[in-house]
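Architecture at a glance
Residue strings, one per chain:
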Amino acid sequence: MTHLFNSNVILIVDDIPTNLEVLSEALTDTGFDVAVATSGESAIRQIEYDSPALILLDIMMPGIDGFETCRRLKANPNTKDIPIIFMTALSDSVDKVKGLLLGAVDYITKPFQQAEVLARVQVHMQLRNVSTALEEQNVHLKQEIEERIAAEAALQQLTQDLEHRVEERTKELSQALHNLQEAQVKLVQSEKLATLGQLVAGVAHEINNPINFIYANIQHANHYIHNLLELIQLYLVQYPHPTTDIQEKIQEIDLEFLVEDLPNLFSSMQIGAERISEIVKSFRTFSRHDEAEIKAVDIHEGIDSTLMILQYRLNQKSPHPAIHVIKKYENLPIIECYPGKMNQVFMNILSNAIDALEEVIDTYNSLITPTIWIYTHVVEAKHIKIRIIDNGPGILQEIQKQLFDPFFTTKRAGKGTGLGLSISYQIVTEQHGGSLSCISNPGKGTEFVIEIPLGQSALSHYQLQPSPNLLEPLTQSQLLSVSGNI
Ligand SMILES: Nc1ncnc2c1ncn2[C@@H]1O[C@H](COP(=O)(O)OP(=O)(O)O)[C@@H](O)[C@H]1O
Ligand SMILES: [Mg+2]
């Protein structure tokens, strides 16, 4: 609308030249620019061409009168905002009202009181100037608002883009973290297997020779002693009256008891030596130098050797009762697998069960008989299923789905690393194409089910590539924590 106010001209519309003259002189003298028109029609034409700032409009005119002129100006959007002041006879109040109703801003009366006319015109010019300023400000504000809306939209777009990028980056990063964790687990796993395997194999190797030595010689020693005792017996029969020295010696060494006790002593030494050989044998079975290769093995041997290694944790340790192990082995065929790794799985699951049972013992003491059940079955001549069950505290529903996550542990720092089950899961599923699952009812106990196919020939490419060079050598304490939580 700014075009309406682009002039400071006051347009006087009157058909009587004297009126025009008087008014225009008064206004010009006061400093206004003045234009004149002598009829409504010519005024409208003139206004179309060049809008005045204010119109002084006579009512009584030939042709269209002031009211009609006003109506037409108000009906035209281009001219409707030009303020109009009617000029009317002093007495004619009907005309004043009608004029105001038609949209006029004011009226002046004839005959003109010069001071009044000037005052009114001045007021309306001022109003019009304020209006103009407001209008201009309004336009500015509108522009500003539009700019702000545009800026806001741009900002929103930018924020969206940024959010999108952050989201993508976060996704990438968490994927990277996941990969890193998996790689770490694999490294730890291979390193752990290697370290533990070496340790156990080394111990087994070192003990093996001396124990064989003892074991083999005990038989001979037993035989020799037996002979010696027989000889003494013979002496006693042949020489029933030995010298005093001999008699004294016989008394001193309590020969009667010695002869009676020596065989017992030998047989317990023999049992001990046999037991050590068995342990050494389980160490060897457990560590399997050939772990990187698929072997056809008796799975029960693996389980038993693992139990043997864990025996010290199963025994009664006053006031703790012993943990019972109930085995129900089906007749299993020979299984193709990575035996060292499968033993690792048994070790992880059995040690978890023992940890869980120890917790129950500590909490409820003798209310239950802590027990581990181990069942093996053949499933449809294709798979074997190994179930390891304990009557420990069980596992809460909400943490069951996290069990196999790397580093998930509920055990105190130093005791748990949270790697046992995630490693076992990898070994069983990825390396043997099997499955590992957990069924647990809190308060009732836990069952882990391992299923692996009978044959592995198709899977040899899954074999884990040990990459020891990527890992710093383990420190002593790391080594301890590794072997403490296999
Ligand atoms: N037999 C079980 N009974 C109860 N909870 C178990 C059993 N086995 C595993 N868990 C739970 O699973 C978690 C993860 O086990 P694992 O991966 O071996 O790590 P860690 O033994 O180092 O904690 C354990 O901290 C424990 O909360
Ligand atoms: Mg564990």
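Structural notes, computed from the coordinates. (Residues numbered from 1 in each chain as written. Chains lettered and ligands numbered in written order. Predicted model: local features only at pLDDT ≥ 70, side-chain atom pairs only at ≥ 80, totals over all residues. Heavy atoms only, no water.)

1. Describing the side chain of Asp106
Note the cut-off: Here a strand is any run of E in DSSP of at least two residues, a helix any run of H or I of at least four, and the numbering for each starts at the N terminus. Distance and chemistry together define a polar contact, namely a pair of N or O atoms within 3.5 Å, with one atom able to donate a hydrogen and the other to accept it when in protein, and with adjacent residues in sequence counting only for side-chain atoms on both sides.
Locating Asp106 in the fold gives a position in strand E5 (residues 106-110). Within the structure, Asp106 has its side chain in polar contact with the side chain of His124 (distance 2.8 Å).

2. Concerning the site of ligand 1
Note the threshold: Throughout this document, a residue counts as near a molecule or strand when at least one of its heavy atoms sits within 4 Å of that molecule or strand. In short, Shrake-Rupley with a 1.4 Å probe defines the accessible areas, and a residue's cover is counted only from the protein chains shown.
Near ligand 1, the surroundings consist of 20 residues, among which Thr409, Thr410, Lys411, Thr417 and Gly418 are the closest. Between Thr410 and ligand 1, the recorded distance is 2.4 Å, taken from a side-chain N or O atom to an oxygen atom. Taking Thr446, its side chain carries an N or O atom lying 3.4 Å from a nitrogen atom of ligand 1. The fraction of the free accessible surface of ligand 1 (530 Å²) that becomes covered by protein chains is 96%. Within the residue set of the shell around ligand 1, elements represented by two or more residues are helix H9 (339-364), helix H11 (420-431) and strand E12 (445-453).

3. Considerations on the pattern of salt bridges
To keep it simple, the criterion reads: Any Lys or Arg side-chain nitrogen located within 4 Å of an Asp or Glu carboxyl oxygen qualifies as a salt bridge. Think of it in three bands: residues with accessible area under 20% of the maximum for their type are buried, residues over 50% are exposed, and the middle band is partly exposed, with areas taken using a 1.4 Å probe on protein chains only.
Throughout the structure, instances matching the rule amount to 15 salt bridges. The salt bridge partner of Arg169 is Glu172, with a shortest N-O separation of 2.8 Å. Of this pair, Arg169 and Glu172 both sit in helix H5 (residues 114-238), separated by three residues, roughly a single helical turn. When its relative accessible area of 48% is taken as the criterion, Arg169 is described as partly exposed. Across the salt bridge formed by Lys327 and Asp304, the nearest N and O atoms sit 2.9 Å from each other. In this pair, Lys327 sits in strand E7 (residues 324-329) while Asp304 sits in helix H8 (residues 299-314), placing the two residues 23 residues apart along the sequence. Using a relative accessible area of 29% as the deciding quantity, one classes Asp304 as partly exposed. Residues joined in a network through salt bridges with shared partners are Arg313, Asp355, Glu358 and Lys411.

4. Focus: the sheet that holds strand E11 (residues 435-441)
Under the convention used in this document: DSSP-based pairing: two strands are paired if at least 2 bridges between them are found. Note on geometry: axes are lines fitted to C-alpha atoms, helical ones only across the stretch in contact, with angles between N-to-C directions running from 0 to 180 degrees. By definition, residues are in contact when any of their heavy atoms lie within 4.5 Å.
Taking strand neighbours across the sheet as the criterion, the five strands line up as E7-E9-E10-E12-E11 in an open arrangement whose pairing is mixed. Of all the strands in the sheet, the pair left with one neighbour each is E7 and E11. Mean inter-strand twist for the sheet, computed between neighbouring axes without regard to direction, equals 15°. With eight bridges connecting them, strand E9 (residues 371-379) and strand E10 (residues 383-390) associate as antiparallel partners. Bridge pairing links Ile372 to Asp390 in E10. Against the sheet, H8 touches E7, E9 and E10, its axis set at about 175° to E7. Where H11 meets the sheet, it contacts E11 and E12, and its direction lies at approximately 135° from that of E11.

5. Remarks on the pairing of E11
Of the two faces of E11, the one lined by Leu436, Cys438 and Ser440 is fully buried and the one lined by Ser435, Ser437, Ile439 and Asn441 carries no buried residue. With antiparallel pairing between neighbouring strands as the criterion, E11 and E12 make up a hairpin whose turn holds three residues, including Gly443 at a positive phi of roughly 90°.

6. Examining the nonpolar core
Generally speaking, soluble globular proteins have nonpolar side chains that are buried together. The condition is simple: Buried residues of nine kinds, namely Ala, Val, Leu, Ile, Met, Phe, Trp, Tyr and Cys, make up a nonpolar core once their side-chain atoms join them within 4.5 Å.
One finds Ile299, Phe346, Ile372, Ile386, Ile388 and Ile450 to be the most contacted residues of the largest nonpolar core, which totals 46 residues. The residues touching Ile388, leaving out its near neighbours within four places in the chain, are Phe346, Ile349, Leu350, Ile372, Trp373, Ile374, Thr446, Glu447, Phe448 and Ile450. In terms of nonpolar packing, the next biggest core, distinct from the first, is built from 18 residues, Val13, Met61, Ile64 and Phe86 among them.

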